[in-house]
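Each chain, letter by letter, is given below.
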Amino acid sequence: MILKREKRHFVTNEEQEFLENALRALENKPKEGYRWLPVFEPSADGKGGLQFVRGEKPKVGFDCYKWQKLMTEYSPENESGKCSIHTYFLLQLRWLKEGIVTLEQLADDSKDIGHYRDSENAKHDVELTGQREFGGLYGLIGNTWKMLGDPNSKFGFSVVGGDCYDDGKEHPAADVFRIRNSNFKDNNTVGLLELKK
């Protein structure tokens, strides 16, 4: 028996924006067919670099170019660097396809899938790395904004997803803020790293 899939309807403005970002991501898939993302948010390794381990305070407070430098230097042999906005939305599409998230949870209100001010057991402050898992990754949704590469942004960077001081509806996972200042720095933002190898 063949099941007929119902056509998905993108109703709200946020859902329409998600659709546009998702279609752009599909057009720009990595030629290798994959990317690796760290399981945890980055924290300081005590030697001026990054680490991705459980139970640490996420490292925040760098501008775009410092994040880019730290991510590139993290693992050159694995071609580490800033995660692209396309990788970010491809991951969300995968979650959607696998049925572990709804369109509404990604685009309209992410309080049930991340750490926001109005999430269950909200700490009202940044949680340590490894506290909340969703889709196999910890802290990706909410907790801290994630800085990534975005060719549609004037300076090549955007931040996505909101933080623990926002409501899940105010800045859901699919929310994109394009950076308009090369010196942009935020005390609730971490860089999102990806590995090509």
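Coordinates for the structure precede this section.
For the structure given in this document, a descriptive report is provided here. (Residues numbered from 1 in each chain as written. Predicted model: local features only at pLDDT ≥ 70, side-chain atom pairs only at ≥ 80, totals over all residues. Heavy atoms only, no water.)

Notes on the pairing of strand S7 (residues 157–160)
- Taking every second residue as pointing to the same face, both faces of S7 are buried, with Phe157 and Val159 on one and Ser158 and Val160 on the other.
- Summarising the sheet, strand S6 (residues 145–149) and S7 pair through four bridges and their orientation is antiparallel. Looking at S7, one finds that Gly149 is bridged to Phe157.
- Relative to strand S8 (residues 176–178), S7 runs antiparallel, the two sharing three bridges. Paired with Val160 across the bridge in S8 is Val176. (Buried < 20%, exposed > 50% of the residue type's maximum accessible area, 1.4 Å probe, protein only. Helix = DSSP H or I, 4+ residues; strand = E, 2+ residues; numbered from the N terminus. Pairing = 2+ DSSP bridges.)

Some details on the nonpolar core
- Core analysis: the biggest nonpolar cluster contains 27 residues, and Phe18, Tyr88, Phe89, Trp95, Leu106, Leu140 and Ile141 have the highest contact counts within it.
- Elements that contribute at least two residues to this core include exactly helix H1 (13–27), helix H3 (85–98) and helix H4 (103–107).
- Here this core gets seven residues from one element, more than from any other, and that element is H3.
- Apart from residues no more than four positions distant in its own chain, Leu140 is found in contact with Tyr88, Leu91, Trp95, Lys146 and Leu192.
- Among the nonpolar cores identified, the runner-up in size contains 16 residues, and Cys64, Met71, Trp145 and Phe157 belong to it. (Core = buried A, V, L, I, M, F, W, Y, C linked by side-chain atoms within 4.5 Å. Contact = heavy atoms within 4.5 Å.)

Observations regarding the packing of H1 against H3
- Viewed as axis vectors pointing N to C, H1 and H3 meet at an angle of 110°, and their least axial separation amounts to 8 Å. Here H1 is positioned roughly perpendicular relative to H3, judged by the angle of their axes. Mapping the contact onto sequence places Phe18, Asn21, Ala22, Arg24, Ala25 and Leu26 in H1 and His86, Phe89, Leu90, Gln92, Leu93 and Leu96 in H3.
- For the contact of H1 with H3, the per-class residue count stands at eight nonpolar, three polar and one charged. (Axes fitted to C-alpha atoms, helices over the stretch in contact; angles between N-to-C directions. Parallel < 35°, antiparallel > 145°, perpendicular 65-115°, else oblique. Nonpolar A, V, L, I, M, F, W, Y, C, P; charged D, E, K, R; others polar.)

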